[in-house]
Amino acid sequence: MKRHIPTLICQLALTSLAAQAHVTLEYPVATAGQVYKATFKISHGCGASPTRVVEVDMPAGVRGAKPMPKPGWTLEVVREALAQPYMSHGRSVTEDTTRIRWTAKTQADMLANGHYDEFVLVASLPQQAGKLYWPVRQLCPQGRLDWTEVPAPGQKWGDLQSPAAELELMPPAGISAHNH
């Protein structure tokens, strides 16, 4: 069978894009210390297997995370005791969300490999500007994808095989990122 060069180039480009696809945030930049809507974009399953579970770990300093329910999916919110309680709305918070898990209720509710979906939560961000990494796991009937790698000093996020979703925290307006 004879292939046309443009068709072959398109197929190679699509294959390359699929290999590079990973979990990302819809808005990869936010202001430190603010409430943030984290929208995790899932664009594929585990090979041909659909996504059955999406699990997100809260980065250090993220507080009060609350997930958005999804029709056809159950929610599990894991809370743990805090080493250092904090005040919120006039009360002491001694435990907080550390992990959120969405699980498809039925096989029909699973995210098919050829489809796209978003998993959303809101949370308060840390006060410190810089990079924040959100480990995400996709569990499938056949396989799993752990998007949990964090770049080492001097390493680029894009060079990682399975990078955690990255959020750049900017300093609040009027505050310098470099304080003495």
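These numbers were taken from a predicted model, which means no experiment stands behind them.

## Focus on the pattern of salt bridges
Now for step 1: Across all of its chains, the model carries eleven salt bridges by this definition.
Now for step 2: Among the salt bridges present, the one from Glu-76 reaches Arg-101, with a minimum N-O distance of 3.8 Å. Separated by 25 residues along the polypeptide, Glu-76 in strand β6 (residues 73-88) and Arg-101 in strand β7 (residues 91-104) bring together distant segments of the chain.
Now for step 3: Glu-76 gets classed as partly exposed once you look at its relative accessible area, which sits at 38%.
Now for step 4: Among the residues examined, Arg-101 registers a relative accessible area of 26% and is labelled partly exposed.

## Some thoughts on the nonpolar core
Note that soluble globular proteins tend to have their nonpolar side chains buried in a common cluster.
Now for step 1: By size, the foremost hydrophobic cluster in this structure holds 30 residues, and its most contacted members are Phe-40, Val-56, Leu-121, Trp-134 and Leu-167.
Now for step 2: Elements with a contribution of two residues or more to this core: β3 (35-42), β4 (53-57), β7, β8 (117-124), β9 (130-134) and β12 (165-170).
Now for step 3: No other element matches β3, which puts four residues into this core.
Now for step 4: For Val-56, the contacting residues outside a window of four places in its chain are Phe-40, Thr-98, Arg-99, Ile-100, Trp-102, Leu-121, Trp-134, Pro-135 and Val-136.

## Examining the sheet that holds strand β2 (residues 29-31)
Now for step 1: The strand order across the open sheet built from three strands is β2-β12-β9, with neighbouring strands paired in mixed fashion. The sheet is open, and its two borders are formed by β2 and β9, each paired with just one other strand. Between one strand and the next, the sheet's axes are offset by a mean angle of 35°, whatever the strand orientation.

## Brief notes about the layout of surface pockets
Now for step 1: Here the largest pocket is characterised by a volume of approximately 370 Å³.
Now for step 2: Every element with two or more residues in the lining of the largest pocket is listed here: β5 (63-67), β6, β7 and β8.
Now for step 3: Broken down by element, the lining of the largest pocket gets its largest block of residues, five residues, from β7.
Now for step 4: Grouping the constituent residues of the lining of the largest pocket by class yields seven nonpolar, five polar and six charged.

## Topic: the packing of aromatic side chains
Now for step 1: For the structure shown, the criterion picks out four aromatic pairs.
Now for step 2: With a centroid separation of 6.5 Å and 35° between ring planes, the pair formed by Tyr-36 and Trp-134 is classed as tilted. Of this pair, Tyr-36 sits in strand β3 while Trp-134 is found in strand β9, placing the two residues 98 residues apart along the sequence.
Now for step 3: Residue classification places Tyr-36 among the buried residues on the basis of a relative accessible area of 6%.
Now for step 4: Residue classification places Trp-134 among the buried residues on the basis of a relative accessible area of 0%.
Now for step 5: In this structure, Arg-63 is placed above the aromatic ring of Tyr-86, and the distance from its NZ or CZ to the ring centre is 3.9 Å.
Now for step 6: Here the basic side chain of Lys-70 rests over the ring of Phe-119, its NZ or CZ set 4.8 Å away from the ring centre.

## A few points about the state of the cysteines
The bond known as a disulfide is covalent and runs between the sulfur atoms of two cysteines.
Now for step 1: Within the structure shown, the criterion is met by one disulfide.
Now for step 2: Disulfide pairing is shown between Cys-46 and Cys-140; the S-S distance is 2.1 Å. The chirality of the disulfide connecting Cys-46 with Cys-140 is right-handed, given an S-S dihedral of about 65°. You can see Cys-46 sitting in the loop between β3 and β4 and its partner Cys-140 sitting in strand β10 (residues 136-140), a full 94 residues away along the chain.
Now for step 3: Residue class for Cys-46 comes out buried when judged on its relative accessible area of 9%.
Now for step 4: A relative accessible area of 7% means that Cys-140 is categorised as buried.

## Quick word on the sheet that holds β5
Now for step 1: Read across the sheet, four strands follow the order β1-β3-β8-β5 without closing on themselves; strand pairing throughout is antiparallel. In the strand order of this sheet, the two ends are held by β1 (24-25) and β5, each with one partner.
Now for step 2: Bridge count between β1 and β3: two bridges; the pairing is antiparallel. By the bridge assignment, Leu-25 is partnered in β3 with Phe-40.

Conventions adopted
- Residues numbered from 1 in each chain as written.
- Predicted model: local features only at pLDDT ≥ 70, side-chain atom pairs only at ≥ 80, totals over all residues.
- Heavy atoms only, no water.
- Salt bridge = Lys/Arg side-chain N within 4 Å of Asp/Glu carboxyl O.
- Helix = DSSP H or I, 4+ residues; strand = E, 2+ residues; numbered from the N terminus.
- Buried < 20%, exposed > 50% of the residue type's maximum accessible area, 1.4 Å probe, protein only.
- Core = buried A, V, L, I, M, F, W, Y, C linked by side-chain atoms within 4.5 Å.
- Contact = heavy atoms within 4.5 Å.
- Pairing = 2+ DSSP bridges.
- Axes fitted to C-alpha atoms, helices over the stretch in contact; angles between N-to-C directions.
- 1 Å grid on protein atoms, 1.4 Å probe; cavity = no way out; pocket = protein on both sides within 12 Å on 5 of 7 lines; lining within 4 Å.
- Points joined across faces, edges and corners; volume = space filled by probe spheres on them.
- Nonpolar A, V, L, I, M, F, W, Y, C, P; charged D, E, K, R; others polar.
- Phe/Tyr/Trp six-rings, centres within 6.5 Å; stacked < 30°, edge-to-face > 60°.
- Lys NZ or Arg CZ within 6 Å of the ring centre and 35° of its normal.
- Disulfide = S-S within 2.5 Å.

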